[in-house]
Each structure stands twice: as C-alpha cells, then as structure tokens.
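Remarks on the overall topology
Residues per chain, in single letters:
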Amino acid sequence: MDPQSQTTSLQRLQNVEKRIVRVLELAGGVMDEMASPSGPRKELVNSHCSEFMQLIKDIQVTLREEIKSACEYRPFEKCDYVPRISNEICHKKLEYVIAQLDEMKLTIEGYCNAA
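A short tour of the structure in this document, coming up. (Residues numbered from 1 in each chain as written. Predicted model: local features only at pLDDT ≥ 70, side-chain atom pairs only at ≥ 80, totals over all residues. Heavy atoms only, no water.)

This part covers the overall build of the protein chain. When you go through the protein chain residue by residue, the secondary structure sums to four helices and zero strands. Ordered by position in the sequence, the α and β elements of the protein chain form the string α-α-α-α. A buried classification covers 11% of the 115 residues belonging to the protein chain. Sequence-distant contacts in the protein chain: of pairs separated by 6 or more residues, those separated by 24 or more amount to 65%. Element-wise, carbon and sulfur atoms account for 61% of the exposed surface of the protein chain, whose accessible area totals about 9800 Å². (Helix = DSSP H or I, 4+ residues; strand = E, 2+ residues; numbered from the N terminus. Buried < 20%, exposed > 50% of the residue type's maximum accessible area, 1.4 Å probe, protein only. Contact = heavy atoms within 4.5 Å. Areas by Shrake-Rupley, 256 points an atom, 1.4 Å probe, with all protein chains shown as cover.)

Below you can see the structure in the form of structure tokens.
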C-alpha cells in the first residue's frame, strides 16, 4: 500500500505546515545570503532556491489532493433526516387540512339539519 494513503488527512496537512515553515526558512536563508557583506555564495543560493521550488511544488500537489478528497467526502450523503422531516411536515399539514375539512363538514351538516 502507498505510504501516503496510510497517513491521515490531518497528518498530511501537518506535513504541509512543516514544509511551509521550511520554505520560509529557506527564503530567509537566501535573504541573509544576499545581504552578506562578502556577497552571496552562488552554490548555497542555488541549493536553497532548488529546495524552495521543490517544496512549493510538493505543497501544491498535497493541497490539491486534500481539496479534491474533501470535495469527494460527503458524510451526510446517506442521511435521511431532510426527507423524514419533510414527510413529518407534510403529515402535519395533512392532519391540519383534514381537521379543517371535518369542521367544514360539521358546519355544513349543521346548516342542513337546521333547514
């Protein structure tokens, strides 16, 4: 089984957070190197920039996958709460209408008997 599929979504997002921290450290390292009085060391800047770009790509891929999996996840997909409540409301409405019709029937019968 793929090791990434064995980790939870929360663990993957925590790894993204760690990568973001590393990206910021790399950016800070490049800025320090650029501000160095002796001038930047090309190999260090190249190394930091390469790692920076790879981490950014990894972060993007992981976040896309997490967003996609979150969109596919529907915890209430099989929930029947809404239809049950709708049925209960319709049932109560029908009971009310039947009660009103019964009252109308009694009123009509009262007029017919009085005449």
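All right, on to the environment of Pro-40 then. For Pro-40, the location among the structural elements is in the loop between helix 2 (9-34) and helix 3 (42-72). By relative accessible area, which is 43% here, Pro-40 ends up partly exposed. Spatially, the C-alpha atoms of Pro-40 and Val-30 are 8.3 Å apart, while their sequence positions differ by ten residues. For Pro-40, the contacting residues outside a window of four places in its chain are Glu-33, Met-34 and Val-45.

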